[in-house]
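Residue-level structural notes
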Amino acid sequence: MLGINLPYLLAFMINFGLLLTLLTFVLYKPITKTLDERAAKIKESLEKAEQIKQESVRAEESVKAQIEAGRKEGQAIIAQAQQNGERVKEEAKAEARKEAEALIVKAQAQIESDREESFNKLRREFADLAVLAAEKVIEQSLDKKAHEKLIEKVLEEGLASKKSQLN
């Protein structure tokens, strides 16, 4: 024969089958299970990483949108503040203009009043001087009331003619 011993061959084949079965249950299945679990964990980690990446992109876009909205709101606030400033400035100018006009009117009224008062005072002094001069001229005392009426009449006629010449 060829040098094959059948009982040994059969014993080797049984031993090999038993060893293969034993290694399958003891090593192959646990290793395969561990490798499958590890592959599942890696796949899960990759999915989580992708999900986190997508969430970060969305968060970044949200932040950019909020920043843009804040910038636009800030610009709107600045524009409104500028408009309010211009309005307040115009109101202040109008108020100052009104106050200036009121002061001018008041000053003109005061000037007119002072002018009239000065004119009347001057008129009285002139009348007193005229009476005094007339007394000295005729060296007697005239009726002061009658003399003042005469002087008033002359002054009014003189003033009327002066005013018509000025106009």
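Just above sits the structure.
The sections below set out a description of the structure shown in this document.

When helices and strands are counted, the protein shows two helices and zero strands. The proportion of buried residues among the 167 residues of the protein is 4%. When the accessible surface of the protein is summed, it comes to about 15100 Å², and 62% of that surface belongs to carbon and sulfur atoms.

In this section: the pattern of salt bridges. All told, the structure shown has six salt bridges when counted by the stated rule. Between Glu68 and Arg71 there is a salt bridge whose closest N-O contact spans 2.2 Å. Within this pair, Glu68 and its partner Arg71 are both found in helix 1 (residues 6-138), separated by three residues, close to a single helical turn. Look at Arg71 and you get partly exposed, because its relative accessible area is 41%. Arg87 serves as the salt-bridge partner of Glu91, at 3.3 Å between the closest nitrogen and oxygen. Of this pair, Glu91 and Arg87 both sit in helix 1, four residues apart, which is roughly one turn of the helix. It is possible to trace a salt-bridge network through shared partners that takes in Glu112, Arg115 and Glu116.

Attention now goes to a nonpolar patch on the surface. Together, Leu19, Leu22, Leu23, Phe25, Val26, Leu27, Ile31 and Leu35 make up an exposed nonpolar region whose accessible area comes to about 760 Å². As for its placement among the helices and strands, Leu35 is situated in helix 1. You can call Leu35 exposed: its relative accessible area is 52%.

Relative to the helices and strands, Lys145 resides in helix 2 (residues 144-166). Residue classification places Lys145 among the exposed positions, given a relative accessible area of 64%. Between the C-alpha atom of Lys145 and that of Val131, which follows or precedes it by 14 residues, the distance is 10.0 Å.

Thresholds, definitions, all that
Residues numbered from 1 in each chain as written. Predicted model: local features only at pLDDT ≥ 70, side-chain atom pairs only at ≥ 80, totals over all residues. Heavy atoms only, no water. Helix = DSSP H or I, 4+ residues; strand = E, 2+ residues; numbered from the N terminus. Buried < 20%, exposed > 50% of the residue type's maximum accessible area, 1.4 Å probe, protein only. Areas by Shrake-Rupley, 256 points an atom, 1.4 Å probe, with all protein chains shown as cover. Salt bridge = Lys/Arg side-chain N within 4 Å of Asp/Glu carboxyl O. Patch = residues over 30% accessible without salt bridge, like charges linked within 9 Å, V, L, I, M, F, W, Y side chains within 5 Å.

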